2 protein chains.
Amino acid sequence: MDSKVVGILGGGQLGRMLVEAANRLNVKTVILESGKLAPAKQINAVSEHVDGSFTDPAAIRELAKRCDILTVEIEHVDTDTLKAVRKETGIQIHPSPETLEIIKDKYAQKQHLMKYNIPVAECLSVESTAAALAKVGEKFDYPYMLKSKTEAYDGRGNYVVEDKSCIMKALEVLHDRPLYAERWAPFTKELAVMVVRSVKGEIFSYPTVETIQQNNICHIVYAPARISDTKRAEAQIMAGNAIASFSGAGIFGVEMFLLPDGQLLVNEIAPRPHNSGHYTIDACVTSQFEAHIRAITGLPMPKNFTCLSTPNTHAIMLNVLGADKPNGELIMCRRALSIPNASVYLYGKTTRPGRKMGHINIVSESMVDCERRLAYIRGETEESPSSLDIGIESQALVSVIMGSDSDLPVMSAACNILKDFQVPFEVTIVSAHRTPHRMAKYAIDAPKRGIRCIIAGAGGAAHLPGMVAAMTPLPVIGVPVKGHILDGVDSLHSIVQMPRGVPVATVAINNSTNAALLAVRILGIFDPQYTIAMEKYQSDMEDGVLVKAEKLESGGYEEYLAHYKR
Amino acid sequence: MDSKVVGILGGGQLGRMLVEAANRLNVKTVILESGKLAPAKQINAVSEHVDGSFTDPAAIRELAKRCDILTVEIEHVDTDTLKAVRKETGIQIHPSPETLEIIKDKYAQKQHLMKYNIPVAECLSVESTAAALAKVGEKFDYPYMLKSKTEAYDGRGNYVVEDKSCIMKALEVLHDRPLYAERWAPFTKELAVMVVRSVKGEIFSYPTVETIQQNNICHIVYAPARISDTKRAEAQIMAGNAIASFSGAGIFGVEMFLLPDGQLLVNEIAPRPHNSGHYTIDACVTSQFEAHIRAITGLPMPKNFTCLSTPNTHAIMLNVLGADKPNGELIMCRRALSIPNASVYLYGKTTRPGRKMGHINIVSESMVDCERRLAYIRGETEESPSSLDIGIESQALVSVIMGSDSDLPVMSAACNILKDFQVPFEVTIVSAHRTPHRMAKYAIDAPKRGIRCIIAGAGGAAHLPGMVAAMTPLPVIGVPVKGHILDGVDSLHSIVQMPRGVPVATVAINNSTNAALLAVRILGIFDPQYTIAMEKYQSDMEDGVLVKAEKLESGGYEEYLAHYKR
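Residues numbered from 1 in each chain as written. Chains lettered and ligands numbered in written order. Predicted model: local features only at pLDDT ≥ 70, side-chain atom pairs only at ≥ 80, totals over all residues. Heavy atoms only, no water.

An unreviewed UniProt entry lists chain A under the name Phosphoribosylaminoimidazole carboxylase, with Eeniella nana as the source organism. Its UniProt record, at the heading Catalytic activity (unreviewed entry), says of chain A: "5-amino-1-(5-phospho-D-ribosyl)imidazole-4-carboxylate + H(+) = 5-amino-1-(5-phospho-beta-D-ribosyl)imidazole + CO2". If you open the UniProt record of chain A and go to Sequence similarities (unreviewed entry), you find "In the C-terminal section; belongs to the AIR carboxylase family. Class I subfamily." (UniProt positions renumbered as here; feature names shortened; annotations may be inferred.)

Draft legend 1. Local environment of the sheet that holds strand β5 (residues 92-93) of chain B. Residues and elements named next belong to chain B. If you trace the five strands from one edge of the open sheet to the other, you get β3-β2-β1-β4-β5, paired in parallel fashion. In this open sheet, the two strands that pair with only one neighbour each are β3 (50-51) and β5. Relative to strand β2 (residues 29-33), strand β1 (residues 6-9) runs parallel, the two sharing four bridges. Along β2, the bridge assignment pairs V6 with T29. (Pairing = 2+ DSSP bridges. Helix = DSSP H or I, 4+ residues; strand = E, 2+ residues; numbered from the N terminus.)

Draft legend 2. Up close: the interface of chain B and chain A. With 94 residues of chain B at the interface, the matching set in chain A holds 95 residues. Summing both sides of the interface, chain B and chain A together bury roughly 8,100 Å²; the carbon and sulfur share of this comes to 57%. The interface formed by chain B and chain A holds two salt bridges in total. Across the pair E20(B) and R24(A) runs a salt bridge, and its minimum N-O distance is 2.7 Å. Here chain B and chain A share 39 residue pairs in polar contact (both at pLDDT 80 or more) between them. Among the elements that make up the side of chain B that touches chain A, the one with the highest residue count is helix α20 (residues 528-555) of chain B (eight residues). A class-by-class count of the residues in the side of chain B that touches chain A yields 53 nonpolar, 22 polar and 19 charged. (Contact = heavy atoms within 4.5 Å. Buried area = accessible area lost by both parts, 1.4 Å probe. Salt bridge = Lys/Arg side-chain N within 4 Å of Asp/Glu carboxyl O. Polar contact = N/O pair within 3.5 Å; in protein donor to acceptor, adjacent residues only side chain to side chain. Nonpolar A, V, L, I, M, F, W, Y, C, P; charged D, E, K, R; others polar.)

Draft legend 3. Quick look at the relation of the copies chain B and chain A. Here chain B sits on chain A after a turn of 180 degrees about the axis and a move of 0.1 Å along it, with an RMSD of 0.2 Å. The symmetry that links the two subunits is that of a two-fold axis. Taken together, the interface assignments show that 100% of the residues at the interface of chain B recur at the interface of chain A, consistent with an identical surface on both copies. (Least-squares fit on C-alpha atoms with pLDDT ≥ 70 in both.)

Draft legend 4. Molecular detail of the pairing of strand β16 (residues 314-321) of chain B. Residues and elements named next belong to chain B. Burial analysis of β16 places seven of its eight residues in the buried class, the great majority of the element. Here strand β13 (residues 217-223) runs beside β16; their pairing, made up of four bridges, is antiparallel. Bridge pairing in β16 links I220 to L318. One ladder, built from eight bridges, connects β16 with strand β18 (residues 356-364); its direction is antiparallel. (Buried < 20%, exposed > 50% of the residue type's maximum accessible area, 1.4 Å probe, protein only.)

Draft legend 5. Spotlight on the sheet that holds strand β9 (residues 179-183) of chain A. Residue and element names in this part refer to chain A. Strands sit in the order β6-β9-β7-β8 across an open sheet of four strands; the sheet is antiparallel. On the outer flanks of this sheet lie β6 (123-126) and β8 (158-161), each paired with one strand and no other. With strand direction ignored, the average angle separating the axes of adjacent strands in the sheet is 25 degrees. Bridge count between β6 and β9: four bridges; the pairing is antiparallel. Residue pairing for β9: C123 is matched across the bridge by E182. With respect to the sheet, helix α6 (residues 106-115) is in contact with β6, β7 (144-148), β8 and β9, its orientation differing from that of β6 by roughly 145 degrees. Packing against the sheet, helix α7 (residues 130-140) makes contact with β6, β7 and β9, and its axis sits at approximately 165 degrees to β6. (Axes fitted to C-alpha atoms, helices over the stretch in contact; angles between N-to-C directions.)

Draft legend 6. Highlighting the nonpolar core. The biggest cluster of nonpolar side chains holds 62 residues, and the ones touching the most others in it are V398(A), I455(A), I477(A), I455(B) and I477(B). Setting aside residues up to four positions removed in sequence, I477(B) forms contacts with C453(B), I454(B), I455(B), A456(B), V504(B), A505(B), V507(B), A515(B), L518(B), A519(B) and I522(B). (Core = buried A, V, L, I, M, F, W, Y, C linked by side-chain atoms within 4.5 Å.)

Draft legend 7. A look at helix α11 (residues 288-297) of chain B. All names here are of chain B. Extensive coverage of α11 is indicated by the burial of 10 of its 10 residues. Residues Q288, F289, E290, A291, H292, I293, R294, A295, I296 and T297 constitute the buried set of α11. G298, located one to two residues past α11, shows a positive phi value of around 75 degrees.

Draft legend 8. Here's a closer look at the environment of P271(A). By secondary structure assignment, the location of P271(A) is in the loop between β15 (264-270) and α10 (280-283). If sequence neighbours within four positions are ignored, P271(A) has contacts with V72(A), E75(A), P95(A), L100(A), I103(A), I251(A) and F252(A).

Draft legend 9. View of the packing of helix α18 (residues 489-496) of chain A against helix α18 (residues 489-496) of chain B. Where α18(A) meets α18(B), the axes come as close as 12 Å, and the angle between the chain directions of the two elements is 95 degrees. Overall, the two elements α18(A) and α18(B) adopt an arrangement that is roughly perpendicular. Every residue of α18(B) that contacts α18(A) at L492(A), H493(A) and V496(A) is listed here: L492(B), H493(B) and V496(B). Each residue belonging to the contact of α18(A) with α18(B) can be placed in one class, and the counts come to four nonpolar, two polar and no charged. (Parallel < 35°, antiparallel > 145°, perpendicular 65-115°, else oblique.)

Structure below.
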């Protein structure tokens, strides 16, 4: 696609996935990493790679000779050499060495963000003495975070100072490191947003995700984050603003804290593909890896190319860490392969306890479904894979409720139609007047249980459809059931004459058939198979009438009537 | 994932994509192909590959020495050597050499399918003489197909005998080939189904797709095929039955003809990944390449792992063929990269006119949207990529119609609500009684135009909502508009009291607000953003009442009433 050759400093799994994306676009890559079989080198047999460390000036120079563009899969590189090489050769480097320099020093990174008004936890540089740390404790109170400014990743270089008595231990753990202290952020969730910046400085934010850390390593990612829409948008914008403040193109991972009062703080930034963005391979229009390759080579980056594949896409990413027993982690991978909607990515590494060996992406149309699959993969449930195959389809999509069992003869026609159209449904009794609390719980829980549409039948005062509609955001279809007096007009008016703000889709008196047919039409806008079935139903209905018409025309009306009466 | 090493005979793009899938699962592959930089070899730097032809017995033996399992990316291999090697070493070969032997001889393949009652076009073996061909013409009539039994692919080895005068030319083109003749199949569409068979013989069919050939090369694939559900299912089952008749595991491509009377014929089978299955990389739960790797290594193959990613997934695959100008085909690739929902796969080949250089997968929630993107990529429209970014979202989802402009004051409330909820909508006048033909066209076209829900307002006899509902499978919401007499009860009864079979979701008299709110709830089941917005609307409504309640409680009812009157 592009004749420019991309040199990558670092050849781990992030480099490997960059190479995979580059291979698909015929973009040539060269890897700088020690060893012939680094994960990234394994899948590129075309180039002559460089054997050496990404901190070795001679090796960096050797890489630069073979490439037109340099990039990184790790920030702890020798930025001075990168600057010098750029000056000597004019080679493009993305992100810029200046950006890498700021970001790889976490304290400088924080200072930079503050300068650009990006909210971060309060922090200050601190000397490695007990007195200095005690003074921080007085200022920030306990607990507070003590962090190494440099060479810190996956939690290495962080220490929680629980109280004054921990100070000596903290100094012992982080001895000979340049330190800074950070006020404790009592976050309720950790969020992350991948952001990609084009050469021209355009900013594209991926969706906001939620990360679950375990032993300071990103363990599980929920995409999108299980927070409000507004908060997700706020995090995307904040992450975008943070990255707009740096120079150079490429992908960045922005980690954030969500505080109990709703405030967002940027925790730290990675100037490269990031573990929290692995879900993008399966759940987004374009993966973080392809986005990075496009950004640094100047390939097109259309609006929306960082969106979830569909508005309904939900995903969970689970890291595969080396088990205590060699290859023990493969048991989990095999479980993932044994259900659909889970993809396994292994990095070609030798197994070692705790090592990032791969990851698993689960993608589905609901987070509940993703979570069920996650539980199976982690061995937390023995729910058989065959029940997972059916996925959310096995759950009821339509719920048929009625105020009294005396409504069942009328409402059963709806059930028959739903059966005919193979719509998964449930049927029960919920009375507005006799079980008001059950009704409230039912209405509130219905959307969470995956119900997409409610059919409610009621007679007389007929409050059930309207009351349920008032307590759920789902479409509610009301069936007026005819009573002994007033011919059902009482129920009809009670159901249809709802106040502005709370609609009930009302059908004819006693006509629960039409309620079910309406539900099928509604489901059709989310699953076209129902629209196709409805078209067939309508055309069969037409054929049925035409057959009758022919019979009436050919046999005469008297003959027809005689049979009709039978 | 699996410690077995897979040897692949052939190292073109199909091998390359198999290697990519194997890399992700840490499954080791070794390639047999001439040249050091065959596409498949380019992305596997771990193995020592074999340099040689997949028809060379010595090279096949060399490959077998390094592997535990052998497979193919092309059927024209030396099956006798494969059988011998299997006998000598006990190596697993998938699909079995016996299967490859039958399939690579197209006439033997047809005989085999007939033996298993799989419908195929009538055919017979024929000698390479003018007299024999003329005799076929008498039996089959003209045109008929003359085909080489062996070494035929991408249309090479096929000749259409238009009439008797073409016989000499046919013999000239297909000279020194073993021939057979086939009765002409006047197909209306070409269909294809990828089928994967496990080691245990289980069969999994991918969706039925439609292929468009150009110069005998698969050019465009529509997934799923634009035919009825029933016909798609029938093709899947027929393809599955065809593959169940062969031995050995792996992926197979089954090409079929759809005849004008709805009959399906199997045209031919490829015992390997197939061009018509490239869409699976982006549109299915598991790609055809990973499915093949799983099948031959005995990895898990859960039910439904060959399904489309979601019931709404639609895809188009476009082959990227070498342009007349070197790299001219990259212009098309660049256009694909400049819009979202299109992914580019290049095969690392040197450009040559007509050569398969790569492919583009377009995935979206509707075929109409895929087709718009395809037109842009092929340069058939200059519709700007930025309008494509917005995708189907920019089209109206809800249509507001009314029988007369006098209904607009009532119906405008619905428009206001739709605007507030940012629902793309359209509004127009359609009268059942005064513009019956316009109404019919409107109702039939609405689903094709991407409308998901119709709001119809009418007064008096109020036939519009019911008539539209009778002619569309979409959900129709009816708003009874109050006239000068009868208080709107006439319209209410006319709209709500529909006969069984044709539902109209009726709301209160003049309450078009509720009609729009119902439409938003309905859209919510296909796009959760609307459900979230509805929840917010309901909670705001609650807050609004609570504020009023507090005002009433604190100020007293007289004070409140005084202000209320103002």
